[in-house]
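Architecture at a glance
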Amino acid sequence: MQVRVQEAGFDPGAQSNDFAAGCSGAGAIVTFTGVVRDIEGGGLVAMEIEHYPGMTQTALEKIAAEAEARWSLADVLVIHRYGRLKPGAQIMMVATAARHRRDAFEAAEYMMDYLKSRAPFWKKEILQDGASEWVAAKADDEDALTRW
């Protein structure tokens, strides 16, 4: 298991290749990269992501460990960024490797749902007009957890 919380950007292709190279015996590798999306109608200058380092690392490791315990995985990778990110920037990546695709897909979806709703990050949108707003939790994200 690899879990990294970092300010620096990352290359999803290179991360995926490095992850796959270390997963001999896996029959499936699933990757997901989330990017900062602009607000509807445009106008997002940046998203500022804050976190409490010790708590965040522990929480992400717990989510990854729960996925490993629930599915038959060869390996897990979680990268989540913090700091000031512009629209289009990579914000996070999840990769799972398993002997069978169902385990890889389900574990990746599980982690993405829990990272979206339970990871201790606080996000603020900075808009072109100078306004800033904290991003509120969404009911759809909470509802996604009910299937697990």
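Okay, so let's go over this structure. (Residues numbered from 1 in each chain as written. Predicted model: local features only at pLDDT ≥ 70, side-chain atom pairs only at ≥ 80, totals over all residues. Heavy atoms only, no water.)

1. Quick notes on the side chain of His-51
Residue placement: His-51 occurs in strand β3 (residues 44-51). With relative accessibility at 18%, the residue His-51 sits in the buried group. There is a polar contact of 3.1 Å between the side chain of His-51 and the side chain of Thr-56. Setting aside chain neighbours within four positions, we find His-51 in contact with Val-5, Thr-56, Tyr-82, Pro-120, Phe-121 and Trp-122. (Helix = DSSP H or I, 4+ residues; strand = E, 2+ residues; numbered from the N terminus. Buried < 20%, exposed > 50% of the residue type's maximum accessible area, 1.4 Å probe, protein only. Polar contact = N/O pair within 3.5 Å; in protein donor to acceptor, adjacent residues only side chain to side chain. Contact = heavy atoms within 4.5 Å.)

2. Some details on the pattern of salt bridges
Going through the model one piece at a time under the given rule, you end up with 5 salt bridges. Between Arg-147 and Glu-109 there is a salt bridge, with the nearest N and O atoms lying 3.2 Å from each other. Of this pair, Arg-147 sits in the segment after α4 (139-144) while Glu-109 sits in helix α3 (residues 101-118), and the two are 38 residues apart along the sequence. Where salt bridges share partners, they join Glu-109, Asp-113 and Arg-147 into one cluster. (Salt bridge = Lys/Arg side-chain N within 4 Å of Asp/Glu carboxyl O.)

3. A few points about the environment of Ile-29
Within the secondary structure layout, Ile-29 lies in strand β2 (residues 28-35). Apart from residues no more than four positions distant in its own chain, Ile-29 is found in contact with Phe-19, Ala-20, Cys-23, Thr-96 and Ala-97.

4. A look at the pairing of β3
Bridge analysis of β3 against strand β7 (residues 121-127) gives 7 bridges, and the strand direction is antiparallel. Each residue of the ladder has a partner; that of Leu-44, found in β7, is Leu-127. Sheet topology note: the β3/strand β5 (residues 83-85) ladder contains 3 bridges and is antiparallel. Within β5, the position partnered with Met-47 by the bridge is Leu-85. (Pairing = 2+ DSSP bridges.)

5. Focus on the sheet that holds strand β8 (residues 132-134)
Strand order in the open sheet made by the 4 strands is β5-β3-β7-β8, with antiparallel pairing throughout. On the outer flanks of this sheet lie β5 and β8, each paired with one strand and no other. Along the sheet, successive strands turn relative to each other by an average axial angle of 25 degrees, direction set aside. (Axes fitted to C-alpha atoms, helices over the stretch in contact; angles between N-to-C directions.)

6. Let's talk about α3
Taking 1.5 Å per residue, 18 residues should reach 26 Å; α3 reaches 25 Å between its end C-alpha atoms and fits that length. Among the residues of α3, Asp-103, Ala-104, Ala-107, Ala-108, Tyr-110, Met-111, Met-112, Asp-113, Tyr-114, Leu-115 and Ser-117 are the ones counted as buried. On the buried face of α3, the contacting elements are β2, α2 (53-70), β4 (73-81), β6 (90-98) and α4. (Expected span 1.5 Å × (residues − 1).)

7. What about the sheet that holds β6?
If you trace the 4 strands from one edge of the open sheet to the other, you get β1-β4-β6-β2, paired in mixed fashion. Both edges of this open sheet fall to β1 (2-6) and β2, since each of them pairs with a single strand only. Averaged over all neighbouring strand pairs, the angle between strand axes comes to 5 degrees, with direction disregarded. Judged from the 8 bridges that link them, β2 and β6 form a sheet pairing that is antiparallel. Of the residues in β6, the one forming a bridge with Ile-29 is Ala-97.

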